[in-house]
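Each chain, letter by letter, is given below.
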Amino acid sequence: MDTKALRQKILDLAIHGKLVPQDPNDEPASVLLERIKAEKERLIKEGKIKRSKKSAKTSDTPHYENVPFEVPESWMWTTIEEICSKIGSGSTPRGSNYSANGIPFFRSQNVYNDRLVYDDIKYISEEVHQKMKGTEVLANDLLLNITGGSLGRCAVVPADFNCGNVSQHVCIMRSVLVEPEYFHVLVLSSYFAKSMKITGSGREGLPKYNLEQMGFPLPPLTEQQRIVAEIEHWFALIDQIEQGKADLQTIIKQTKSKILDLAIHGKLVPQDPNDEPAIELLKRINPDFTPCDNGHYTQLPDGWCVVTLKDLCENINGLWKGKKEPFVNVGVIRNANFTKDFKLDYSNIEYIDVEQRTFAKRHLENGDLIVEKSGGSDNNPVGRTILYEGKSGVFSFSNFTMALRTRNNDIVLSKFLYYYILAKYQKGDMRLMQTQTTGLRNLILDKFLSMPIHLPPLSEQKRIIDRIETIFTSLDMIMGSL
């Protein structure tokens, strides 16, 4: 799947209320709609706009049945007409009366989804512009192509725009108290494309009435702003990684790796000076703790300190079958249960009889990290790590793996360690921690357990985990929906 489809999916998730979480503190869209109507009434009284012939002077909020799709409770279905103070196209100056310079005159070839294009722009004089004042283009207007092969193409007029005008093939949509960029998101969505009721056989067109009556899923204003910011974030990210990337799975993988790299360097979430520094927490829990020399790590974020994996965890070797009774039949996690996404695959767990006394010492507990210490391949070095989040005392792990169990959850969260080790693995660090004999790669345990860990305060660990999982959930949703 290409990135064009990825962008489209993000837009569609946005207008369905599935891109950002709802906030119960937001002013509901129903209240926003009343404010929009009040603002339009003010503009009418001041003579700045005309009342629509099809709309009655009423404060009643219309109710919509058979809506195109369900939206969150804080949203409202309305129409494009109800949220706009102007919807209308221009005309061509009599005799194509263009000027060498003057007021920009936008035709359909100047309107693209991501910008206004001035390569083939025409100009009209101030005098002609004044005669066409009714179709003056203002900052933050949406310009929509309503005829021909480029029908549906739409651009937001920049906020620093001065003035311009449009031809009869371009429609101005001027929203009231609605974020222009959110309006633009709607127009670029597949819902809008499917909802356009086009007429004409030769040169197709979108009639003004059909456009006015099109359903508009209206979020609270502050949620509109969050949606726009989230889309800008994702689109900027896609811009960086889409060069030469045709495989969407590769793009998602690279994006996740970048997120993890930012996380372990303290660049994913801001530091909070009120957090208890990690070194203070370590010393308070263990007064005899001797930290690493943090002086070698000049770029360490405030409140972080350097420890090693063995400072934070105990390592437990996997089990053999054994020969001494009594036995117990248990599921044993093997290398084959590690997925390419560094998750645990429960579908092919092997159940075997193992010594009960050994299982009592070497069973998995919730939050354990399972590390592949033997195996690997040319493309996947040994050292893959997964997080076990199941029931304690149910599964064990094979002798080709080991478990890392955090010594104190008040110092480090096992999920933070999981993401940390995953970041290091994806950067290729494990290639320097393995030996190879007869095709089998073995993890050099001393190097692995001595791996420096840049440890944030506990509260920041939680924020990092939350941010990673929010981003990863969005990425997984996009991937799963394409």
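Look a little higher up for the structure.
Attention in this report is confined to the structure presented alongside it. Keep in mind that what you see is a predicted model, and the values were worked out from it rather than measured.

Here is what the cut-offs are and how they apply
Residues numbered from 1 in each chain as written. Predicted model: local features only at pLDDT ≥ 70, side-chain atom pairs only at ≥ 80, totals over all residues. Heavy atoms only, no water. Helix = DSSP H or I, 4+ residues; strand = E, 2+ residues; numbered from the N terminus. Buried < 20%, exposed > 50% of the residue type's maximum accessible area, 1.4 Å probe, protein only. Pairing = 2+ DSSP bridges. Axes fitted to C-alpha atoms, helices over the stretch in contact; angles between N-to-C directions. 1 Å grid on protein atoms, 1.4 Å probe; cavity = no way out; pocket = protein on both sides within 12 Å on 5 of 7 lines; lining within 4 Å. Points joined across faces, edges and corners; volume = space filled by probe spheres on them. Nonpolar A, V, L, I, M, F, W, Y, C, P; charged D, E, K, R; others polar. Core = buried A, V, L, I, M, F, W, Y, C linked by side-chain atoms within 4.5 Å. Contact = heavy atoms within 4.5 Å. Left-handed = near helix turned anticlockwise from the far one by under 90°. Polar contact = N/O pair within 3.5 Å; in protein donor to acceptor, adjacent residues only side chain to side chain. Expected span 1.5 Å × (residues − 1). Phe/Tyr/Trp six-rings, centres within 6.5 Å; stacked < 30°, edge-to-face > 60°. Lys NZ or Arg CZ within 6 Å of the ring centre and 35° of its normal.

Some details on the environment of lysine 340
- Here lysine 340 is to be found in the loop between β15 (327-333) and β16 (350-355).
- Owing to a relative accessible area of 63%, lysine 340 belongs among the exposed residues under this scheme.
- Along the backbone, lysine 340 and arginine 384 are 44 residues apart, and their C-alpha atoms lie at a distance of 9.4 Å.

So, the sheet that holds strand β20 (residues 395-397)
- Read from one edge of the open sheet, three strands run β16-β15-β20, paired in mixed fashion. In this open sheet, the two strands that pair with only one neighbour each are β16 and β20. Neighbour to neighbour, the strand axes of the sheet diverge by 55° on average, direction disregarded.
- Two elements, β15 and β20, share three bridges in a ladder whose sense is parallel. Residue valine 332 lies in a different strand from β20, and its bridge partner there is serine 396.

Focus: the layout of surface pockets
- Looking at the second largest pocket, its volume works out to about 730 Å³.
- The wall of the second largest pocket is formed by 28 residues, among which Lys253, Lys340, Asp341, Phe342 and Gln426 lie closest to the centre.
- Ranked by the residues each element gives to the lining of the second largest pocket, the list is headed by helix α8 (residues 248-264), at seven residues.
- When its residues are assigned to classes, the lining of the second largest pocket shows 10 nonpolar, nine polar and nine charged.

A few points about the nonpolar core
- Judged by nonpolar contacts, the single largest core of 106 residues is most densely connected at Ile80, Met173, Leu404, Phe448 and Leu455.
- If we skip the residues at most four places from it in the chain, phenylalanine 448 touches Leu309, Val371, Met402, Leu404, Ile421, Met430, Met433 and Leu443.

Considerations on the packing of helix α1 (residues 3-15) against helix α4 (residues 180-188)
- In contact at an axis separation of 9 Å, α1 and α4 are set at 115° when each is read in the N-to-C sense. Between α1 and α4 the crossing geometry is left-handed. From α1, Gln8, Leu11, Ala14 and Ile15 reach across to α4, where they touch Tyr182, Val185, Leu186 and Leu188.
- Tallied by class, residues from the contact of α1 with α4 come to seven nonpolar, one polar and no charged.

Some remarks on the pairing of β15
- Where β15 meets β16, six bridges bridge the pair, whose relative direction is antiparallel. Note on β16: the bridge partner recorded for glycine 331 is tyrosine 351.

What to know about the side chain of histidine 129
- Here histidine 129 is to be found in helix α3 (residues 126-131).
- In this structure histidine 129 comes out as buried when scored by relative accessible area, which is 1%.
- Within polar-contact distance, the side chain of histidine 129 engages the side chain of asparagine 165 at 3.1 Å.
- Leaving out residues up to four positions away in the same chain, histidine 129 has contacts with Ile103, Ile124, Glu136, Cys163, Gly164 and Asn165.

Describing α1
- For α1, spanning 13 residues, the distance from its first C-alpha to its last is 19 Å, which sits close to the expected 18 Å at 1.5 Å a residue.
- Burial runs high along α1: 10 of the 13 residues are buried.
- Where α1 is concerned, the buried positions are Thr3, Ala5, Leu6, Arg7, Ile10, Leu11, Asp12, Leu13, Ala14 and Ile15.

A few points about the sheet that holds strand β11 (residues 170-175)
- The antiparallel open sheet is built from four strands, whose spatial order is β2-β11-β8-β9. The sheet terminates laterally at β2 (84-89) and β9 (154-156), the two strands that pair on one side only. For this sheet the average axis-to-axis angle between neighbouring strands, irrespective of direction, equals 15°.
- Alignment of β2 against β11, held across five bridges, turns out to be antiparallel. Note that in β11 the partner of lysine 86 across the bridge is arginine 174.
- Along the sheet face, α4 touches β2, β8 (142-145), β9 and β11 and points at about 170° away from the line of β9.

Some words on the packing of aromatic side chains
- With the rule as written, the count across this model stands at 16 aromatic pairs.
- Ring centres 6.0 Å apart and planes at 65° place the aromatic pair tryptophan 77 and tyrosine 191 in the edge-to-face group. Pair noted here: tryptophan 77 is in strand β1 (residues 76-79) and tyrosine 191 is in helix α5 (residues 190-195), with a separation of 114 residues, a long-range link.
- Of the residues examined, tryptophan 77 reaches a relative accessible area of 8% and is grouped as buried.
- Centroid distance phenylalanine 106 to tyrosine 118: 5.7 Å. Interplanar angle 80°. Geometry classified as edge-to-face. Taken together, the residues span a long stretch of sequence, with phenylalanine 106 in strand β3 (residues 103-106) and tyrosine 118 in the loop between β5 (115-116) and β6 (122-124) at a distance of 12 residues.
- The exposure class of phenylalanine 106 is buried, given its relative accessible area of 0%.
- One aromatic cluster is present, built from ring pairs that chain together Trp75, Tyr182, Phe183 and Phe216.
- When the ring centre of tyrosine 112 is taken as origin, the NZ or CZ atom of arginine 153, which lies over that ring, is 3.9 Å away.

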